[in-house]
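Residue-level structure breakdown
Here are the chains, one letter per residue:
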Amino acid sequence: LNSKNKELILIYDGFEQIITNPFTHQLFYILKKNFKIKLIQLNKIIKKEPKFKNKQFVLVISRLRNWKFLPGVSKNFFLNNHVFFYDQDPWEAYHDYGTCKGIYELINQKILPEAFLITSEWWSNFIKKNCNVPAEFVKMGILSKYCHHRIPYRKKTYEVGFQGLVHKYRQNFFSKLQENG
């Protein structure tokens, strides 16, 4: 899927989502490096069906709570393209007080996405098994520019201490630690 020559239609909530959200802006950064991105803001696609050629790749990164607005005016747009939904908070669709109960099933029925891309392996497996929707686990990481490489882990030193009564088995443990350096 990733190729600088491939186009990707990205449906998002608003610029603050792809600029300031700590996770989504990193995803957007990587997508921009790998695709020709065409942006469609959620409020535009729910009012008017966009005009693109069919069989395009579409990634919906809109927040889960906003998915309910999508199967309306633009239904044919979704049905005529390769649509993927990206989600970081799937539990909102399944816990007792969730704000989006049933949304995966609704979207799967109305839009027929190729897959729901979920950043939790446990939830991805749960949704795939229990809800019969095409859920896939995708890793979410941190851009290297946000990682500070200071002292390598192996060169760090730690003081080991204990607070409380020193029982015989604990004393033996600490004595063995001391013997081994």
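Below, the structure is looked at part by part.

**Some points on the sheet that holds strand 6 (residues 135-137)**
With respect to topology, 6 strands assemble into an open sheet ordered 2-1-3-4-5-6, the strand pairing being parallel. With one partner strand each, in any of the chains shown, strand 2 (36-41) and strand 6 form the two edges of the open sheet. Within this sheet the neighbouring strands show an average axis-to-axis angle of 25 degrees, counted without direction. Sheet topology note: the strand 3 (residues 57-60)/strand 4 (residues 82-87) ladder contains 4 bridges and is parallel. Of the residues in strand 4, the one forming a bridge with Leu 59 is Phe 84. Against the sheet, helix 6 (residues 121-131) makes contact with strand 5 (115-118) and strand 6, and its axis sits at roughly 160 degrees relative to strand 6, the strand it touches most.

**Some words on the layout of surface pockets**
If you add up the space inside the largest pocket, you get close to 470 Å³. Lining the largest pocket are 21 residues, with Leu 27, Ile 30, Leu 31, Leu 59 and Tyr 86 sitting closest to its centre. Within the residue set of the lining of the largest pocket, elements represented by two or more residues are helix 2 (24-34), strand 3 and strand 4. It is helix 2 that provides the largest number of residues to the lining of the largest pocket, a total of 5 residues. Partitioned by chemical class, the residues of the lining of the largest pocket number 16 nonpolar, 4 polar and 1 charged. Its volume calculated, the second largest pocket comes out at about 240 Å³. Every residue lining the second largest pocket is counted, 15 residues in all, and those nearest its centre are Arg 63, Leu 64, Asp 87, Gln 88 and Asp 89.

**Topic: the packing of aromatic side chains**
Counted under the stated rule, the structure contains 16 aromatic pairs. Ring geometry for Trp 67 versus Tyr 104: centroids 5.4 Å apart, planes at 75 degrees, classification edge-to-face. Of this pair, Trp 67 sits in the loop between strand 3 and helix 4 (75-79) while Tyr 104 sits in helix 5 (residues 103-111), placing them 37 residues apart in sequence. The pair Trp 67 / Tyr 104 is uniform in exposure class, with both members buried.

Thresholds applied
Residues numbered from 1 in each chain as written. Predicted model: local features only at pLDDT ≥ 70, side-chain atom pairs only at ≥ 80, totals over all residues. Heavy atoms only, no water. Pairing = 2+ DSSP bridges. Helix = DSSP H or I, 4+ residues; strand = E, 2+ residues; numbered from the N terminus. Axes fitted to C-alpha atoms, helices over the stretch in contact; angles between N-to-C directions. Contact = heavy atoms within 4.5 Å. 1 Å grid on protein atoms, 1.4 Å probe; cavity = no way out; pocket = protein on both sides within 12 Å on 5 of 7 lines; lining within 4 Å. Points joined across faces, edges and corners; volume = space filled by probe spheres on them. Nonpolar A, V, L, I, M, F, W, Y, C, P; charged D, E, K, R; others polar. Phe/Tyr/Trp six-rings, centres within 6.5 Å; stacked < 30°, edge-to-face > 60°. Buried < 20%, exposed > 50% of the residue type's maximum accessible area, 1.4 Å probe, protein only.

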